[in-house]
Amino acid sequence: MTEIRNYTMNFGPQHPAAHGVLRLVLELDGEVIQRADPHVGLLHRATEKLAESKPYNQSIGYMDRLDYVSMMCNEHGYVLAIEKLLGLEPPVRAQYIRVMFDEITRILNHLLWIGAHALDVGAMTMFLYAFREREDLMDCYEAVSGTRMHATYYRPGGVYRDLPESMSRYEPSKWHNEKEVERMNADRQGSLLDFIEAFSDRFPGYVDEYETLLTDNRIWKQRTVGIGVVEPERAIALGFTGPMLRGSGVEWDLRRKQPYEVYDRLDFDIPVGATGDCYDRYLVRMEEMRQSNHIIRQCVAWLRANPGPVMVDNHKVAPPHRETMKRDMESLIHHFKLFTEGYCLPAGEAYAAVEHPKGEFGCYLVSDGANKPYRLKIRAPGFVHISAMDEMVRGHMLADLVAVIGSQDIVFGEVDR
Amino acid sequence: MTRTVTEIADRLKQLSGEFPGGVDAQVSGLTGELTVEVGAADLIAFVLRLRDDPELRFSQLTDLCGVDYLEYGAEGEAPVPERPARFAVVYHLLSMKHNQRLRLRAYVAGEPPLIATVTDVWPSANWFEREAFDLFGIVFDGHPDLRRLLTDYGFIGHPFRKDFPLIGKVEMRYDPEKKRVVYEPVSIEPRVLVPRVIREEGYGD
């Protein structure tokens, strides 16, 4: 009788279902996974070390590039850590803007997740639908920051600038005639807030469409129900946060438990799962999109009614107004010092965490009183989740691995940093 | 029932007698965060108390990282302020029961710096410790699988140490004659765009 041995298989780093550059070394018994050894670091850029060599504000742009599908939430964690050490509180309007953009970012992230996850599991349409909505939200990014993805919009002390009063519009071209352009510009006649409100009117209907396609879909349920189950105690011990933890039935959300900015003034619900499988995590994220939409609407209403400053007027950390700079010597000096030297943080350390779309995103900042961080440690939620990959897929079939990777919502920018 | 940060600090001071190296718990006036320092020898006994004591219940290890204090507070020619050791491991813990966070620091002496692993206490430490080993060369005694994590296969050195240059030590290119990728010492010059300065409090007011 011949001896049957396990064989090892290499998955990735360029596999389309690996969500970037994940190399998995799998030990298989037939089609059953005995051991999964993720090899990460192919996208390691030493962000933390780079931050040590630059003034604080110059690293905000690096944060966008960590989890490159939820850019502004990364900035938020970093900016909060700086503000905590400086003892700085941004104006209320800036806090509302941050919350609104955090939730826009959450929808952006979950849309990409549902698109990619469904595509991995075999549903092509979801990807096309999700990217249609992402386009509108990226236009919101572009309206405030001038760029569709890597915004660098949050700054210590507030946000870079106030919300614009007009939206950019399409122009007729050889691909779109006058009539089509008129339809495309229908929501773009007013301010950014009008555009966001119009989106938030449409969006719940879109989520209904996604759910029609997936929630009761037999193939979708066969691929996700009972796959990658994590018990609540185990999820806590493994360091899970965000939808991964809530999918296992632990009601833990930093927006509610340790509120930052103005989350304590807003009304929203925290969805939790029951069994902790891929399907529950899917349901949690779908409901989170609806809740985010609800939060966005509250922020829009508040922001309409309450104009005001969006940046502190402490010119040690925030640049002075361009106009005053032209005629006021003091402002010119502030501007020069801020952009050539930056500002110093008091010696000490701070850890600030935000509820990122993927979980708890934290920044641990050590300062020795200089104008650059002494050490910056980024606590990325995806890093912790992928470290539990082996445990989650053991004993599952090879095809289930793809469903688990999808449901972990892995992005390598933040895992490798 | 939740506890405030000072109640937790008081509880830790009560426990301090149990550990020969002593436990130093301080609440920062600046940020309101609780930082605890413990000797590396007492680490495992102490973290078990942190996890299992009903008044503490730090059930989750949110973060673990290495810190290299080699140049901490260095300014001009003045000598660097003394520290118990060059390296420290910093643990960030979360108690969901009491909704509190805690920062635990243990200085690690020796070369290579050696400290006990906490993977048996919190399984989430596994990859964090691999990362700290990779980037700082801190060895975690008893770790089940202490391999490099983020750097390349065959990488030499620990890149996040303060004496490791930002531009690295080697660069790589394809050599058409040897028909393979070769490593060579870096050819670029390191440069500093914005010099590091420490300003006294109230500078420029």
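Up top is the structure these notes are about.
These numbers come from a predicted model, not from an experiment. (Residues numbered from 1 in each chain as written. Chains lettered and ligands numbered in written order. Predicted model: local features only at pLDDT ≥ 70, side-chain atom pairs only at ≥ 80, totals over all residues. Heavy atoms only, no water.)

Trainee: Explanation requested: the overall build of chain A in the structure shown.
Mentor: In terms of regular secondary structure, chain A is built from 18 helices and eight strands. A compact globule built from 417 residues would reach a C-alpha radius of gyration of about 22 Å, and chain A, at 23 Å, matches this within 12%. Per-residue burial for chain A yields a buried fraction of 60% across its 417 residues. Considering only contacts within chain A whose residues lie at least 6 apart along the sequence, 69% involve residues at least 24 apart. Surface accessibility of chain A: about 15,900 Å² in total, with carbon and sulfur atoms responsible for 53%. (Helix = DSSP H or I, 4+ residues; strand = E, 2+ residues; numbered from the N terminus. Rg over C-alpha atoms; globule rule 2.2 N^0.38 Å. Buried < 20%, exposed > 50% of the residue type's maximum accessible area, 1.4 Å probe, protein only. Contact = heavy atoms within 4.5 Å. Areas by Shrake-Rupley, 256 points an atom, 1.4 Å probe, with all protein chains shown as cover.)

Trainee: For this particular structure, what's the right way to read the overall build of chain B?
Mentor: Per the secondary structure count, chain B includes three helices and nine strands. Seen in sequence order, chain B has helices and strands lined up from the N terminus as α-β-β-α-β-β-β-β-α-β-β-β. Seen through its C-alpha atoms, chain B measures out along the principal axes to roughly 70 × 50 × 30 Å. Across the 205 residues of chain B, 46% fall into the buried class. Put simply, 54% of the contacts in chain B that link residues at least 6 apart link residues at least 24 apart. By element, 54% of the accessible surface of chain B is carried by carbon and sulfur atoms, the whole surface being about 10,500 Å². Averaging the positions of the 25 positive and the 33 negative side-chain charges in chain B gives two centres separated by 4 Å. (Lys, Arg positive; Asp, Glu negative; His and termini not counted. Charge placed at Lys NZ, Arg CZ, Asp CG, Glu CD.)

Trainee: Hey, could you run me through the packing of helix α4 (residues 92-121) of chain A against helix α12 (residues 278-305) of chain A in this one?
Mentor: Axes are the key here: two packed helices are described by the angle between their axes and the distance separating the axes. Residue and element names in this part refer to chain A. Closest axis-to-axis distance for the α4/α12 pair is 9 Å, and the angle between their directions is 150 degrees. In terms of their interaxial angle, α4 and α12 are classed as roughly antiparallel. Considering how the two elements wind past one another, α4 and α12 form a crossing that is left-handed. Tallied by class, the residues present in the contact of α4 with α12 amount to 19 nonpolar, three polar and five charged. (Axes fitted to C-alpha atoms, helices over the stretch in contact; angles between N-to-C directions. Parallel < 35°, antiparallel > 145°, perpendicular 65-115°, else oblique. Left-handed = near helix turned anticlockwise from the far one by under 90°. Nonpolar A, V, L, I, M, F, W, Y, C, P; charged D, E, K, R; others polar.)

Trainee: Explain helix α2 (residues 43-52) of chain B to me, please; I cannot follow it from the model alone.
Mentor: Because each turn of an α-helix spans 3.6 residues, side chains separated by three or four positions in sequence point in the same direction. Burial in α2 of chain B covers these residues: Leu-43, Phe-46, Val-47 and Leu-50 of chain B. Projected down its long axis, α2 of chain B shows its buried positions confined to an angular sector of 95 degrees, all on one face. (Arc of directions from axis to C-beta.)

Trainee: Is there a simple way to explain the pairing of strand β2 (residues 23-29) of chain A in this structure?
Mentor: It is a general feature of regular strands that their side chains alternate between the two faces of the sheet. Residues and elements named next belong to chain A. Strand direction decides the pairing type here: strand β1 (residues 7-11) and β2, joined by five bridges, are antiparallel. Residue pairing across strands places Tyr-7 opposite Leu-28, the latter belonging to β2. Two strands pair when backbone bridges link them, and β2 and strand β3 (residues 32-39) are joined in this way by seven bridges, in the antiparallel orientation. Along β3, the bridge assignment pairs Leu-26 with Ala-36. Linkage of β2 to β3, two consecutive antiparallel strands, is achieved through a turn of two residues, within which Gly-30 is found at a positive phi near 65 degrees. (Pairing = 2+ DSSP bridges.)

Trainee: What is the right way to read a nonpolar patch on the surface from this model?
Mentor: Residue and element names in this part refer to chain B. Taken together, the side chains of Val-170, Met-172, Tyr-174, Val-181 and Tyr-183 define a hydrophobic patch exposed on the protein surface, amounting to about 530 Å² of accessible area. For the nonpolar patch, the elements supplying multiple residues, two or more each, are β8 (170-175) and β9 (180-185). With three residues, the single largest contributor to the nonpolar patch is β8. Residue position: Tyr-174 is located in strand β8. (Patch = residues over 30% accessible without salt bridge, like charges linked within 9 Å, V, L, I, M, F, W, Y side chains within 5 Å. Salt bridge = Lys/Arg side-chain N within 4 Å of Asp/Glu carboxyl O.)

Trainee: Looking at this structure, how should I read the sheet that holds strand β2 (residues 34-38) of chain B?
Mentor: Strand pairing in a sheet takes place through backbone hydrogen bonds and is either antiparallel or parallel in direction. Residues and elements named next belong to chain B. Read across the open sheet, the five strands follow the order β1-β2-β5-β4-β3; overall the sheet is mixed. The two strands at the open ends of the sheet, each matched to only one other strand, are β1 (23-27) and β3 (60-68). On average, adjacent strands in this sheet sit at an angle of 20 degrees to one another, irrespective of strand direction. Where β3 and strand β4 (residues 87-95) come together, eight bridges link them in antiparallel fashion. Residue pairing for β4: Asp-63 is matched across the bridge by His-92.

Trainee: Is there a simple way to think about the nonpolar core in this case?
Mentor: Taken as a class, soluble globular proteins show a tendency for nonpolar side chains to be buried jointly. All names here are of chain A. Ranked by size, the top nonpolar core spans 179 residues in total, and within it Met-100 and Phe-101 carry the most contacts. Of all the elements, α4 adds the most residues to this core, at 14 residues. Discounting chain neighbours no more than four positions away, the residues touching Phe-101 are Met-72, Cys-140, Tyr-141, Val-144, Tyr-153, Tyr-154, Leu-163 and Leu-192. (Core = buried A, V, L, I, M, F, W, Y, C linked by side-chain atoms within 4.5 Å.)

Trainee: I tried to follow the sheet that holds β1 of chain A on my own but got confused; where do I start?
Mentor: All names here are of chain A. The strand order across the open sheet formed by three strands is β1-β2-β3, and the pairing between neighbours is antiparallel. Both outer strands of the open sheet, β1 and β3, are each paired with one neighbouring strand and no more. If you compare each strand with its neighbour and ignore which way they point, the axes differ by 25 degrees on average. Helix-sheet contacts for helix α17 (residues 398-408) involve β1, β2 and β3, and the interaxial angle to β2 is about 145 degrees.

Trainee: Would you take a moment to explain the layout of surface pockets for this structure?
Mentor: Over the atoms rolls a probe the size of a water molecule, and in doing so it shows where empty space is left. Roughly 1,000 Å³ of internal volume is contained in the largest pocket. Forming the boundary of the largest pocket are 34 residues, of which His-44 of chain A together with Leu-150, Thr-151, Asp-152 and Phe-155 of chain B lie nearest the centre. Among the secondary structure elements, those contributing two or more residues to the lining of the largest pocket are β3 and α1 (47-52) of chain A together with β8 of chain B. When residues in the lining of the largest pocket are grouped by element, the largest group, three residues, is from β8 of chain B. Here the residues of the lining of the largest pocket are counted per class, giving 19 nonpolar, seven polar and eight charged. (1 Å grid on protein atoms, 1.4 Å probe; cavity = no way out; pocket = protein on both sides within 12 Å on 5 of 7 lines; lining within 4 Å. Points joined across faces, edges and corners; volume = space filled by probe spheres on them.)

Trainee: How should the side chain of Arg-255 of chain A be read in this particular structure?
Mentor: All names here are of chain A. Along the chain, Arg-255 falls in helix α11 (residues 254-257). With a relative accessible area of 3%, Arg-255 lands in the buried category. Polar side-chain contacts of Arg-255 include one of 3.3 Å to the side chain of Glu-103. Not counting chain neighbours up to four residues away, the residues in contact with Arg-255 comprise Glu-103, Arg-106, Tyr-260, Tyr-263, Phe-268, Ile-295 and Glu-355. (Polar contact = N/O pair within 3.5 Å; in protein donor to acceptor, adjacent residues only side chain to side chain.)

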